Amino acid sequence: MSRGPMTAALDTPFRLPCGAVLKNRIGKAPMTEGLADPMNRATERHVRLYRRWAEGGSGLLVTGNVQVDRRYLERPGNVVIDGNGGERELEAFARAGTANGTHLWMQIGHAGRQTPKHVNPVPVAPSAIRGNLSESQHGMPRALSSDEVWDVVRRFGYVARVARETGFTGVQIHGAHGYLISEFLSPLANQRTDQWGGSAENRARLLLETAKAVRDAVGPDFPVSIKLNSADFQQGGFSNDDCLDVLRWLAPIGIDLIEVSGGNYESPRMMGFGREQPGARASTLAREAYFLDYATRIRQATRIPIMLSGGFRSRVAMEEALAADVCDVIGIGRPLCVDTDLPNRLIDRTVEGATSYESTIKPERGGLAWFCLQLIRMGDGEEPDRALTGEQAIPRYVANEKATAAGLVGRRLEPEAAPA
Ligand SMILES: Cc1cc2nc3c(=O)[nH]c(=O)nc-3n(C[C@H](O)[C@H](O)[C@H](O)COP(=O)(O)O)c2cc1C
């Protein structure tokens, strides 16, 4: 692992523990695309979007979450890999996203109780607890049986193997933001009394077994990453101390990069929601990076390399984070929904930073819909629409999601045979 010499340069290559090398320190954070076909397979729209991102200069592109089970999507347009075919489409997706010496890692997820109601009115979760999720958006979940939890583990391993076989150069397990694995980690969402719940070790078992299954599926020389919450930011929820324990338990499995984030749909800190703004005299880095203090603690607790995502906008803050050795890779999300060549321009120093679109398109006023629609536009071969307002984005986004959900074929709600 190349932890030193300490450097502030965004264009310094980074060698991961498995031996793979990222060409620079900029990672596109995973962002759900919603571009799959009615069988939840990848399409030409992924090819267009990822070709554009690969040309934009990031060393690493992490895909939006690809689901392990078509019954429990995060969104109707998710790519799913559960025996629904589509390998050739995945190969085309991978070719586009790995152009220009770019690493393309597939984020693999299971939406758990955050599955929207219009996808499945009865989602699954560690326990039959809805939490503070909106009743109009999410059905009451049922608890998975222990056999079903093992099925989830197998599915992650299967999808990781398909990712490698179809040309993706790494995988990331989605263990953050209140989706299934993150629900198991949370003492609020997970009130089981079997081997998957109760103690911190038991709550971490799904993540640890999944990480082992994924590592076994891809072999030792292939990047395996985990996106993990630094904390859930809920009283009684997954805490930063819990996070440090999980990282210690992950160490023997061989993880190449932890993407540090935080929050969930009930407390959306990953987007900067509800965060106390550090004082004006704080450093640019402290003002921007949402999880800076947590990442600093995590850095001291583990030797696993870190990608820090959430809030980075200025080159100064990015360089400062690298120079201070807080993280190895700078994760950037929302700015890349519009300015796809930002990494090239940061590296050649033609810009000082990213435009902070969320400062005008507020998250509570259609912000997320706005960013999602920009990805759809680029998938369709159009340019991003900077003039779109958040208010205009909401109904368009809702209509798109409804139409996509209505068009899904092969979304059988009865149990699917687990891929071998
Ligand atoms: C449109 C959109 C889609 C997202 N989808 C995902 C996802 O599929 N998986 C994930 O782990 N995070 C997802 N995120 C969160 C981002 O990866 C990132 O953590 C967050 O946007 C904060 O980074 P930023 O401040 O640079 O945008 C998404 C964010 C946005 C804006």
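Since the structure is predicted, the reported quantities are computational estimates derived from the model, not experimental observations. All residue numbers here refer to positions counted from 1 along the written sequence of the relevant chain. Side-chain atom pairs in this predicted model are given and counted only at pLDDT of 80 or more, local residue features only at pLDDT of at least 70, and totals for whole chains, interfaces and linings cover all residues. The side-chain quantities take in all heavy atoms of the structure and omit both hydrogens and water.

### Some points on helix α8 (residues 292-301)
Moving on, step 1. Here the term buried applies to any residue with accessible area under 20% of the maximum for its type, exposed to any over 50%, and partly exposed to those in between, with areas from a 1.4 Å probe on protein chains only. A run of DSSP states H or I qualifies as a helix once it reaches four residues; a run of E qualifies as a strand once it reaches two. Both are numbered from the N-terminal end. Three or more residues of α8 are buried, namely Leu292, Ala295, Ile298 and Arg299. Projection of α8 onto a plane perpendicular to its axis shows the buried side chains occupying an angular sector of 115°, all on one side. Set apart from the buried face of α8 by more than 90 degrees, the exposed residues are Asp293 and Gln300. Directions are taken from the helix axis to each C-beta atom, and the arc is the one they span.

### Quick look at the site of the ligand
Moving on, step 1. Nearness is judged by heavy atoms alone; a residue qualifies as near a molecule or strand once a single heavy atom is within 4 Å of it. The environment of the ligand is made up of 22 residues, and the closest members are Pro30, Gln107, Gly311, Gly333 and Arg334.
Moving on, step 2. In this structure, an oxygen atom belonging to the ligand sits 2.8 Å away from a side-chain N or O atom of Arg334.
Moving on, step 3. Under the convention used here, a 1.4 Å probe and the Shrake-Rupley method define accessible areas, while residue burial counts only the protein chains that appear. Burial of the ligand by the protein amounts to 96% of the accessible area it has alone, namely 610 Å².
Moving on, step 4. At three residues, helix α11 (residues 367-379) tops the list of elements feeding residues into the shell around the ligand.
Moving on, step 5. Here the shell around the ligand is composed, by residue class, of 10 nonpolar, nine polar and three charged. Any N or O atom pair separated by 3.5 Å or less is treated as a polar contact, with the protein-specific requirement of one donor-capable and one acceptor-capable atom, and with residues adjacent in sequence counted only for side-chain atom pairs. Amino acids outside the nonpolar list (Ala, Val, Leu, Ile, Met, Phe, Trp, Tyr, Cys, Pro) and the charged list (Asp, Glu, Lys, Arg) are all regarded as polar, and Gly is one of them.

### Quick notes on the packing of aromatic side chains
For any pair of aromatic rings, the description rests on two quantities: the centre-to-centre distance and the angle between the ring planes.
Moving on, step 1. Each aromatic pair joins two rings of Phe, Tyr and Trp (for Trp, the six-membered one) with centres within 6.5 Å, and gets the label stacked for planes under 30 degrees apart, edge-to-face for over 60, and tilted for any other angle. Enumeration according to the criterion identifies 10 aromatic pairs in this entry.
Moving on, step 2. Between the aromatic rings of Phe93 and Phe168, the centroid separation amounts to 5.1 Å while the plane-to-plane angle is 75°, which identifies the pairing as edge-to-face. Residue Phe93 is located in helix α2 (residues 87-97), and its partner Phe168 is located in the loop between α3 (146-165) and β9 (170-175); the two are separated by 75 residues in the primary sequence. Per residue, the accessibility class of Phe93 equals that of Phe168, and both read buried.

### Points about α2
Moving on, step 1. Listed as buried for α2 are Leu90, Phe93, Ala94, Ala96 and Gly97. Along α2, the residues classed as buried sweep out an arc of 160° about the axis, all on the same side. Turned more than 90 degrees away from the buried face of α2, the exposed residues are Arg88 and Arg95.
Moving on, step 2. Elements that come into contact with the buried residues of α2 comprise α1 (44-55), β4 (60-62), β6 (103-109) and α3. Any pair of residues with heavy atoms lying within 4.5 Å of one another is described as a contacting pair.

### Description of the pairing of strand β13 (residues 329-332)
Moving on, step 1. In β13, alternate side chains face the same way, and those of Val329 and Gly331 on one face and Ile330 and Ile332 on the other are all buried.
Moving on, step 2. Only strands joined by at least two bridges in the DSSP assignment are considered to pair. Bridge analysis of strand β3 (residues 26-28) against β13 gives three bridges, and the strand direction is parallel. Across the sheet, residue Gly27 finds its bridge partner in β13, namely Gly331.
Moving on, step 3. A clockwise course of the path from the first strand over the helix to the second, judged with the strands pointing away from the viewer, identifies a crossover as right-handed. After leaving strand β12 (residues 306-309), the chain enters helix α9 (residues 315-323) and then returns to the sheet as β13, a path that is right-handed.

### Focus on the state of the cysteines
Moving on, step 1. Criterion for a disulfide: a pair of cysteine sulfur atoms at a distance within 2.5 Å. Using the criterion set out here, one finds zero disulfides in the structure.
Moving on, step 2. You can see Cys327 has no disulfide; the closest cysteine sulfur is in Cys243, sitting 15 Å from it.

### Looking at the pattern of salt bridges
Moving on, step 1. Salt bridges are defined as contacts in which a side-chain nitrogen from Lys or Arg sits within 4 Å of a carboxyl oxygen from Asp or Glu. The tally for this structure, following the rule as stated, stands at 26 salt bridges.
Moving on, step 2. With a closest N to O distance of 3.8 Å, Arg130 and Glu135 form a salt bridge.
Moving on, step 3. You can call Arg130 buried: its relative accessible area is 17%.
Moving on, step 4. Between Arg215 and Asp256 there is a salt bridge, and its shortest N-O distance comes to 2.8 Å. Taken together, the residues Arg215 in helix α5 (residues 200-218) and Asp256 in the loop between α6 (240-250) and β11 (257-261) connect sequence positions 41 residues apart. Summarising the burial analysis for this pair, Arg215 and Asp256 share the class buried.
Moving on, step 5. One network of salt bridges, in which partners are shared, links Asp69, Arg71, Asp151 and Arg155.

All quantities given are derived from atomic positions and should not be read as evidence of function.
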